[in-house]
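# Descriptive analysis of the structure
In case you want the letters, here they are:
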Protein chains: 2
Amino acid sequence: MIRLFVPAGLGPNTGVALGAEQSHYLTKVMRKGVGESLALFNGRDGEWRAQIAAAGKRDVLLTVVEKLRDQTAPCDLELIVAAVKRTRLETIVEKAAELGAARVRLVLTARTNAERVRVERLNVIAVEAAEQTGRLDVPTVQDPVKLAKLLDAWDPARRLLFCDEGGDAKPILSAVTPGPWAILIGPEGGFSPEERGRLRSLPFVTPATLGPRILRADTAAISALTLWQAAAGDWR
Amino acid sequence: MIRLFVPAGLGPNTGVALGAEQSHYLTKVMRKGVGESLALFNGRDGEWRAQIAAAGKRDVLLTVVEKLRDQTAPCDLELIVAAVKRTRLETIVEKAAELGAARVRLVLTARTNAERVRVERLNVIAVEAAEQTGRLDVPTVQDPVKLAKLLDAWDPARRLLFCDEGGDAKPILSAVTPGPWAILIGPEGGFSPEERGRLRSLPFVTPATLGPRILRADTAAISALTLWQAAAGDWR
C-alpha cells in the first residue's frame, strides 16, 4: 500500500487535501483513482487508511477511514554528520530514515568543505524514505552548525558516540548503553587533531571503532546506525 | 599514501609498469612525479611501498622498495545480491569492498528485473574501493546466475544468511556462528513465496531479520555485512 506523510491531523472521517506534488504522484505516477486506498501518517496520530474521495490533476481529496497502527515514539537516536559531498549526504539522510534515527544534524568541521548544503532537499529525501520504510514519523534534517558550537551547547544527558578512525576505541556493540544517544560521523578527511582531542576529553563522549578498514562517511554512518540499533535500539 | 592494485608480482626491487589509466591517475590526477612513493598490493604478496622511477603520460614505471604489511586472508564472507538497479548495485559493491566481503555474487530471482548487469564496471568499482579502504585484496564480482541454480550447487559447509523480510527470524547478531558464510540480499520486491519456502527449508540456510522497518537492498546489504563483521568477523 502507498504511504504518504501529510501535515494534517488524522482521525476517523477526517478529510485531507493533498498538495500538487502528492496529487500528481498519486494519480499520474501511481495511477490511483477514486475509491482506492492508501496509508497516511503525520508523526503524531499513528497510521491511517484513507480513500481517494476526489481526484483532480493537482488536487486530490482523501477521506480517512480507519486507524492501522498507533503512533509509537521513535528511537531516541540522533545522527550528527559532517557536511560531506551532496550525493553521499543524500544517501546518509535516506539511510538515517530507514535505520530509525529521530533527527539528522549537520556539522561543519575543520576539514569540511563549505559547499552549500541544500537542507530543504535533504528534508524531502527524509520524507520519501520515511514513507517507504514504513516508519510513523519523519526524521528532521537541521541546518549546519559548527562542531565547536554544537559541543558547547551539548546536553550531557545524551551520550555522543564518536566514530573515531583507528585508535584504541571499543567496538560499538560493547560501547553502547541504554538511553539517549547521538552518533557523530566525521568528514572524508577525518577530524583534525584538535577536534579529536576535544572530543576525547568530553565526559559525554564515547569513542568507538568501526573495524580495521577505512570507511567512507556514508558507510560509517550506516554501519554505526545499524550497530546502535542492534545493541540498544529496536533491532534487538 | 596513494594505494594501487596491480596484477604484477611484488617483491624487493621488482619493477612494475602501470597501464595507461593508472599512469594517468598517478601523474595527471594526483600530480605525482619521479621519486615519489605510493603503496601497491596484488592480493597475494602483501602491501609494498614503491617509488616512481620514470613517469610518462601513459606509461609510469615503479620500483618496489619495501614491504609495508604482510598479506592476510580475507574474511570468509560472500555477499549474494539480487541484480537490483544499477546505481544501488554499484553502491553495494563499493560497500562490500569496504566491509570486507571476499566475493560478490549476483543472482537472478523471480522478481529481479533482467536489466543487463555490467559486471566489468562493478569489478572496476571493487578495485577502487579496495584501494581506498586499505584492504590487501580485491573482492571479485561474478556474473549473475539464477537463484535456483546457485542453491542446487551450494556447498553445505558454508552457511547462508537469508535476510528475510519480517517473519519470525532471529537478529543477525544471535544467528551468526563462526565459519564460512554467505549473506543473501533479495531484490526490492522481495523474494517470491516459492523462493522463501525453498530457502527456509534448506539445512544450510539461517533466516535472520534486519529490524522492524523495510530496508532498500543497498541498506540491507550494508547492515547485514556490518552485523556479520561485528558478530563473527574482524570488527570484534
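Residues numbered from 1 in each chain as written. Chains lettered and ligands numbered in written order. Predicted model: local features only at pLDDT ≥ 70, side-chain atom pairs only at ≥ 80, totals over all residues. Heavy atoms only, no water.

### Some thoughts on a nonpolar patch on the surface
All names here are of chain A. Side chains of Tyr25, Val29 and Met30 sit close together on the surface and give an oily, nonpolar patch of about 240 Å² of accessible area. Residue position: Val29 is located in helix α1 (residues 20-29). Looking at Val29, the relative accessible area reads 46%, which means it is partly exposed. (Patch = residues over 30% accessible without salt bridge, like charges linked within 9 Å, V, L, I, M, F, W, Y side chains within 5 Å. Areas by Shrake-Rupley, 256 points an atom, 1.4 Å probe, with all protein chains shown as cover. Salt bridge = Lys/Arg side-chain N within 4 Å of Asp/Glu carboxyl O. Helix = DSSP H or I, 4+ residues; strand = E, 2+ residues; numbered from the N terminus. Buried < 20%, exposed > 50% of the residue type's maximum accessible area, 1.4 Å probe, protein only.)

### With respect to the packing of aromatic side chains
According to the stated counting rule, one finds 6 aromatic pairs over all chains in the structure shown. Seen in terms of ring centroids, B:Trp154 and B:Phe204 are 5.6 Å apart; in terms of plane orientation they differ by 15 degrees. Their pairing is stacked. Here B:Trp154, found in the loop between α4 (147-152) and β9 (159-163), pairs with B:Phe204, found in the loop between α6 (193-201) and β12 (205-209); they are 50 residues apart in sequence, far enough to count as distant. Both residues of the pair, B:Trp154 and B:Phe204, count as buried. Centre to centre, the rings of B:Phe162 and B:Phe191 are 5.4 Å apart; their planes meet at 70 degrees, and the pair counts as edge-to-face. Taken together, the residues span a long stretch of sequence, with B:Phe162 in strand β9 and B:Phe191 in the loop between β11 (181-185) and α6 at a distance of 29 residues. The burial state of B:Phe162 is the same as that of B:Phe191; both residues are buried. Above the plane of the ring of A:Phe41 lies A:Arg3, whose end atom (NZ or CZ) is 4.3 Å from the centre. (Phe/Tyr/Trp six-rings, centres within 6.5 Å; stacked < 30°, edge-to-face > 60°. Lys NZ or Arg CZ within 6 Å of the ring centre and 35° of its normal.)

### Considering the relation of the copies chain A and chain B
Copy one and copy two of the chain differ by a rotation about an axis and a translation along that axis. When chain A is fitted to chain B, the best match, at an RMSD of 0.0 Å, comes from turning it 180 degrees and sliding it 0.0 Å along the axis. Such a turn and shift between the copies fits a two-fold axis. Relative to the rotation axis, the C-alpha of A:Ser223 is the closest in chain A, positioned 3.1 Å from it. Mapped onto chain B, 100% of the interface residues of chain A are again interface residues, and the two copies thus contact each other with one and the same surface. (Least-squares fit on C-alpha atoms with pLDDT ≥ 70 in both. Contact = heavy atoms within 4.5 Å.)

### Observations regarding the domain arrangement of chain A
Residue and element names in this part refer to chain A. When the domains of chain A are assigned, the result is domain 1 (3-69) and domain 2 (77-232). Computed from C-alpha coordinates alone, the two centres of domain 1 and domain 2 are separated by 33 Å. Taken together, the contact pairs 9 residues of domain 1 with 8 residues of domain 2. Summing both sides of the interface, domain 1 and domain 2 together bury roughly 680 Å²; the carbon and sulfur share of this comes to 61%. Sorting the residues of domain 1 by area buried against domain 2 places Arg3, Phe5 and Phe41 first, and these three jointly supply 63% of that buried surface. For the pair domain 1 and domain 2, the number of links is 0 salt bridges. Summed over the shared surface of domain 1 and domain 2, the result is 6 residue pairs in polar contact (both at pLDDT 80 or more). With 3 residues, the single largest contributor to the side of domain 1 that touches domain 2 is strand β1 (residues 3-5). In terms of residue class, the side of domain 1 that touches domain 2 is built from 3 nonpolar, 3 polar and 3 charged. (Domains from an automatic or database assignment. Buried area = accessible area lost by both parts, 1.4 Å probe. Polar contact = N/O pair within 3.5 Å; in protein donor to acceptor, adjacent residues only side chain to side chain. Nonpolar A, V, L, I, M, F, W, Y, C, P; charged D, E, K, R; others polar.)

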